[in-house]
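Geometric and topological summary
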Amino acid sequence: GTQDELAESYGTLRYGRLLEALIYDCRRFLTLKGPSAVFVEATAEAWLKQRTQDEKATRHLMHMPSTPMGWAAGKWGEWYPDILESNNKLGTSRAKPYWQEGWQHQHQRLLSMIAAQKERIPLTVSGDLHALAAGSIHKSSELDFSDNPIQSIVSGPISSDDLTWASTFRNTPPLVPSEISLDESLAPLENNGFTLLDFDPDNIQVRQFAWHKTRPVEDIDSLTPVNEFTLSR
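Notes on the structure follow. (Residues numbered from 1 in each chain as written. Predicted model: local features only at pLDDT ≥ 70, side-chain atom pairs only at ≥ 80, totals over all residues. Heavy atoms only, no water.)

Focus on the sheet that holds strand E13 (residues 227-232)
Cut-off, in case you're wondering: Any two strands between which DSSP finds at least two bridges are classified as paired. In this description a helix means any DSSP run of H or I spanning at least four residues, a strand means any run of E spanning at least two, and both kinds are numbered starting from the N terminus. Whenever a helix is involved, its axis is fitted only over the stretch in contact; in every case the axis is a line through C-alpha atoms, and angles between N-to-C directions fall within 0 to 180 degrees.
The strand order across the open sheet formed by three strands is E11-E12-E13, and the pairing between neighbours is antiparallel. A strand with exactly one partner marks an edge of an open sheet, and here the two such strands are strand E11 (192-199) and E13. Each neighbouring strand pair of the sheet contributes to a mean axis angle of 15°, computed without reference to strand direction. Where strand E12 (residues 203-211) meets E13, six bridges bridge the pair, whose relative direction is antiparallel. Counted as the bridge partner of glutamine 205 is threonine 230 from E13.

Description of the pattern of salt bridges
Basically, it comes down to this: The salt bridge definition used is simple: a Lys or Arg side-chain nitrogen within 4 Å of an Asp or Glu carboxyl oxygen. Three labels apply to residues, based on accessible area from a 1.4 Å probe with only protein chains included: buried if under 20% of the type maximum, exposed if over 50%, partly exposed otherwise in between.
Under the criterion given, the structure shown has twelve salt bridges. As a salt-bridge pair, aspartate 128 and arginine 27 come within 3.4 Å of each other at their nearest N and O atoms. With a gap of 101 residues between them, aspartate 128 in the loop between strand E6 (123-126) and strand E7 (132-140) and arginine 27 in the loop between strand E2 (19-24) and helix H1 (42-53) connect regions that are remote in the sequence. Looking at arginine 27, the relative accessible area reads 31%, which means it is partly exposed. With relative accessibility at 29%, the residue aspartate 128 sits in the partly exposed group. Linked by salt bridges that have partners in common, Glu20, Arg51 and Asp54 make up one network.

Printed below as a string of C-alpha cells:
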C-alpha cells in the first residue's frame, strides 16, 4: 500500500476470505467535547462501519478495540460512566469526573453496527482489563441485541502481577456496568493467560487459558482451558 494507507492506531489483519480483524486504538484520539466526544477518531469510525457492513468480503469479522466492551473497572478512560460505589458494585449515582457522554454514544453506534450483521457472528475481542473474560451482550442501555447477542471476549494479560490487577489498584475486579446486560461464560478472572480462536468457514472455537505465578512455568506447556466454547454462523 501507499504511505496514505498506513496508520499507527488503526489497521486490518486479513486472512483471505476467511477472517478480517479490525484493530483500533480507543484513546489515542479521544476528545473531550461532551455529547460529541469520541474514543475512536471519526474517519476511523466510518472505516469500521464500511468494513462491518461489507458482509461479502469475509466469512468472519472480529472487532478488536483496545478498550473492552461489556466490562469496566470504574476508571476514567472507559466507555462507561460507572464508578465503584459504596456497595462494591459499579453504578452511576455519582458523576465520573471528566467522563464524556459522547464516548457512550460512540459505544452504542459501534455495538449497533456489529449487531446489525446478518450473516456473520457479532464478535469483539479486547485486552486492557488485566483479566480473562467472555460473555454475550444482550442489552446496552436502550439498545436490545437479544435477537443477535454480541460476543465479547477479554483475551487475557501475559505479564500482570499482584499490584496491577484491577482488584488491587482500583479496589474492584472488572465488573459489568450498570446499563449492560451480559451473560458471562467466564466472569473476569485475574490471572495471566491468553485466548486462542480457531476459525473455520462456519464456526469459531474459543479456548481461554490461565496461569498464575504461583504455578511452575513448565505448567504453561500443558494448560487446559478455563473456558471453552464454539460460536456458529
